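Structural overview for review
Single-letter residue listing:
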Amino acid sequence: MTDAQKTAADTTLRAAGDSPPDPRPAPVPLLEPREGIPPVTATDDALAGIVAAFAAGTGPVAVDAERASGYRYGQRAYLVQLRREGAGSVLIDPVGCPDLSALGEAIGDAEWVLHAATQDLPCLRDIGMVPTRLFDTELAGRLAGFARVGLGAMVENVLGFALEKGHSAVDWSTRPLPEPWLRYAALDVELLVDLRDALEEELTQQGKLEWARQEFAAIAAAPPPPPRKDPWRRTSGMHKVRRRRQMAVVRELWTARDQVAQRRDVSPGKVLGDAAIVEAALSLPPNSHALAGLPGFGHRMGRRQLEQWQAAVDRARALPESELPQPGQPLNGPPPPRAWADKDPAAAARLSAARAAVTALAESLNLPQENLITPDTVRRLCWEPPAEPTRESVAEALSGHGARPWQIEQVAPLLTEALLTDAG
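Residues numbered from 1 in each chain as written. Predicted model: local features only at pLDDT ≥ 70, side-chain atom pairs only at ≥ 80, totals over all residues. Heavy atoms only, no water.

1. So, the overall build of the protein
Looking only at helices and strands, the protein has 20 helices and six strands in total. Dimensions along the principal axes, computed over C-alpha positions, put the protein at roughly 85 × 65 × 55 Å. With an accessible surface of roughly 22,300 Å², the protein has 51% of that area assigned to carbon and sulfur atoms. Within the protein, the 55 negative side-chain charges are centred at a point lying 10 Å from the centre of the 46 positive side-chain charges. (Helix = DSSP H or I, 4+ residues; strand = E, 2+ residues; numbered from the N terminus. Areas by Shrake-Rupley, 256 points an atom, 1.4 Å probe, with all protein chains shown as cover. Lys, Arg positive; Asp, Glu negative; His and termini not counted. Charge placed at Lys NZ, Arg CZ, Asp CG, Glu CD.)

So this is what it looks like as structure tokens:
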């Protein structure tokens, strides 16, 4: 019996009621590389050929990068994947080819297609690749109202193919890279342009394409973020640390750990865990013997290491009161919303009305609230509203906080009403 005859027979049986329909969904085909797995480019001569090929290619360029988060210090790229019509797919080793500025210039006028662009742009910028135009497929999915916006889910839901899984969190600094990892990496750019085209069509149908274009332009134009102030304050479990002397221990241990991690080029968490830092801060151990009894400073830690961490604790214990860190970070903006009711009840009422209005509008537009307007922008506006809230003054304030024109057009009327409701 041919496949067509089997299908016809199955249809007849189901129509007759002799066989119930199979409730299981049809299996999604696994995506295969169209040209096989490309070799890894790790020499300047090979890179020159890629630069020429991509300069001669046409259309958007799919771009992805793999880092070694959790394994190495920093967020540098350890593999860069690209694909363009006329050039095919390539894999480039930024360890062997640390300067990709020539490639960046060769595709500088093209639209770059990335998934979750803000995650990859910093490490791409470090190796000389900076786009002037981009299309972010993750952000496009959010604006289009997709519930799941991971690359695998988007490719499956939009294009009907399954991506291989299991290698996203591996140590990409490994050399040589195993073939299954390279296959996974190559597939990440295989259908990225196809996904871009499908999402552009979806956004056009929803009337949101211009919104997406404004978002993409803002990402491409954003400068590198400034260094984080007092990064030690972000130690996990920091909320348990109340006293200034304890905070000083966290600061000293965090700084010592960061120096060791940078010197060894390993993730700080592999040098000393955040939980261990907090335990030492809470206990204030007087010597390395006492330190060794704390969680995270166990029997496998050598004497030199224990003495190194105890020295950091001792430095914090010896600091004069004037040099101890102050509790909390200096606020750059409004206080936490939970404190508004006591500090400024009117502002708390404004925030409540604004949040409700934004929630309702986001639901009606089928997109996440944070993409409609950032919560921080809403808080800042409600804490320090214009002296005379009008649509014009509110729009100006929103623009000053970095809101895009499409966002202002959508939310300025309802936020103005929220501010005026309280004023009345």
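And the narrative resumes.
2. Details of the pairing of strand 4 (residues 88-92)
With five of its five residues buried, strand 4 lies for the most part within the structure. Strand direction decides the pairing type here: strand 1 (residues 40-41) and strand 4, joined by two bridges, are parallel. Following the sheet pairing, V40 is matched in strand 4 by L91. For strand 3 (residues 77-85) and strand 4, the ladder comprises five bridges, and the chain directions are antiparallel. Bridge assignment links R83 to a residue of strand 4, and that residue is S89. Between strand 3 and the antiparallel strand that follows it, strand 4, lie two residues; G86 among them carries a positive phi value of about 90 degrees. (Buried < 20%, exposed > 50% of the residue type's maximum accessible area, 1.4 Å probe, protein only. Pairing = 2+ DSSP bridges.)

3. Here's the deal with the sheet that holds strand 6 (residues 133-136)
Overall, mixed pairing links the six strands, which are arranged 1-4-3-2-5-6 in an open sheet. In this open sheet, the two edge strands, each paired with only one partner strand, are strand 1 and strand 6. Sheet contacts for helix 4 (residues 117-126): strand 2 (58-67), strand 3, strand 5 (111-114) and strand 6; angle to strand 2, the most-contacted strand, approximately 80 degrees. (Contact = heavy atoms within 4.5 Å. Axes fitted to C-alpha atoms, helices over the stretch in contact; angles between N-to-C directions.)

4. Quick word on the packing of helix 5 (residues 137-144) against helix 8 (residues 192-206)
Running from N to C, helix 5 and helix 8 cross one another at 25 degrees; their axes reach a closest spacing of 10 Å. It follows from the interaxial angle that helix 5 and helix 8 lie roughly parallel. With respect to the hand of their crossing, helix 5 and helix 8 are arranged in left-handed fashion. Each of T137, A140, G141, L143 and A144 in helix 5 lies in contact with helix 8, whose residues at this interface are L192, L195, R196, L199, E202, L203 and Q206. Of the residues in the contact of helix 5 with helix 8, the class split is seven nonpolar, three polar and two charged. (Parallel < 35°, antiparallel > 145°, perpendicular 65-115°, else oblique. Left-handed = near helix turned anticlockwise from the far one by under 90°. Nonpolar A, V, L, I, M, F, W, Y, C, P; charged D, E, K, R; others polar.)

5. Some thoughts on the pairing of strand 5
In strand 5, alternate side chains face the same way, and those of E111 and V113 on one face and W112 and L114 on the other are all buried. The pairing of strand 2 with strand 5 spans two bridges and is parallel. Bridge pairing in strand 5 links V61 to W112. In this region the chain leaves strand 5, passes through helix 4 and returns to the parallel neighbour strand 6; the handedness of that crossover is right-handed. (Right-handed = clockwise from strand over helix to strand, strands pointing away.)

6. Some points on the packing of aromatic side chains
In total, this model carries five aromatic pairs according to the counting rule given. One aromatic cluster is present, built from ring pairs that chain together W172, W181 and Y184. (Phe/Tyr/Trp six-rings, centres within 6.5 Å; stacked < 30°, edge-to-face > 60°.)

7. A look at the pattern of salt bridges
Under the counting rule described, the total for this entry stands at 20 salt bridges. Here R142 makes a salt bridge to E138, at a shortest N to O gap of 3.6 Å. One end of the pair, R142, and the other, E138, are both in helix 5, four residues apart, so they sit about a helical turn from each other. Residue R142 is classed as partly exposed on the basis of its relative accessible area of 28%. Each of R34, R83, E190 and D194 takes part in salt bridges that share partners, so that together they form one network. (Salt bridge = Lys/Arg side-chain N within 4 Å of Asp/Glu carboxyl O.)

8. Here we look at helix 12 (residues 274-283)
Along helix 12, the positions that sit buried rather than exposed are A276, I277, V278, A280 and A281. Of the surrounding secondary structure, the elements contacted by the buried residues of helix 12 are helix 10 (244-264) and helix 13 (288-292). Following helix 12 by one or two positions, L284 adopts a phi angle in the positive range, close to 50 degrees.

9. A word on a negative patch on the surface
Taken together, the side chains of D44, D45, D99 and E105 present a region of like negative charge at the surface. On the secondary structure map, D99 appears in the loop between strand 4 and helix 3 (101-106). (Patch = residues over 30% accessible without salt bridge, like charges linked within 9 Å, V, L, I, M, F, W, Y side chains within 5 Å.)

10. Details of the confidence of the model for the protein
For the protein, the average pLDDT comes to 91, and 92% of its residues sit at 70 or higher. Below a pLDDT of 50 lies the segment residues 1-22, which in the model reaches five contacts outside its immediate sequence neighbourhood of four places, other chains included. (pLDDT = per-residue confidence, 0-100.)

11. Brief notes about the nonpolar core
Formed by 77 residues in total, the largest nonpolar core has its most connected members in L82, I92 and L398. With eight residues, helix 20 (residues 405-423) is the largest single contributor of residues to this core. Among all residues touching L82, those that are not within four sequence positions of it are F54, V61, A62, V63, G88, S89, V90, I92, L103, I107, M129 and V189. Of all hydrophobic cores here, the second largest spans 32 residues; its members include L253, L272, I277 and L294. (Core = buried A, V, L, I, M, F, W, Y, C linked by side-chain atoms within 4.5 Å.)

12. Quick word on helix 7 (residues 179-187)
Turning to helix 7, its buried residues are W181, L182, Y184, A185, A186 and L187. Buried positions along helix 7 lie against strand 1, strand 2, strand 3 and strand 4.

13. Considerations on the environment of G36
Mapping G36 onto the fold places it in the loop between helix 1 (3-16) and strand 1. For G36 and L187, which are 151 residues apart along the polypeptide, the C-alpha to C-alpha distance reads 9.8 Å.

14. Points about the environment of V411
Mapped onto the fold, V411 is located in helix 20. When its relative accessible area of 0% is taken as the criterion, V411 is described as buried. Distance from V411 to V358, taken between C-alpha atoms, is 7.2 Å for residues 53 residues apart in sequence. When residues no more than four places from it in sequence are discounted, the contact partners of V411 are L361, L372, I373 and L398.

15. Looking at the side chain of T377
Along the chain, the position of T377 falls in helix 18 (residues 375-383). Residue classification places T377 among the buried residues on the basis of a relative accessible area of 5%. Residues within four places of T377 in sequence aside, it is in contact with L398 and H401.

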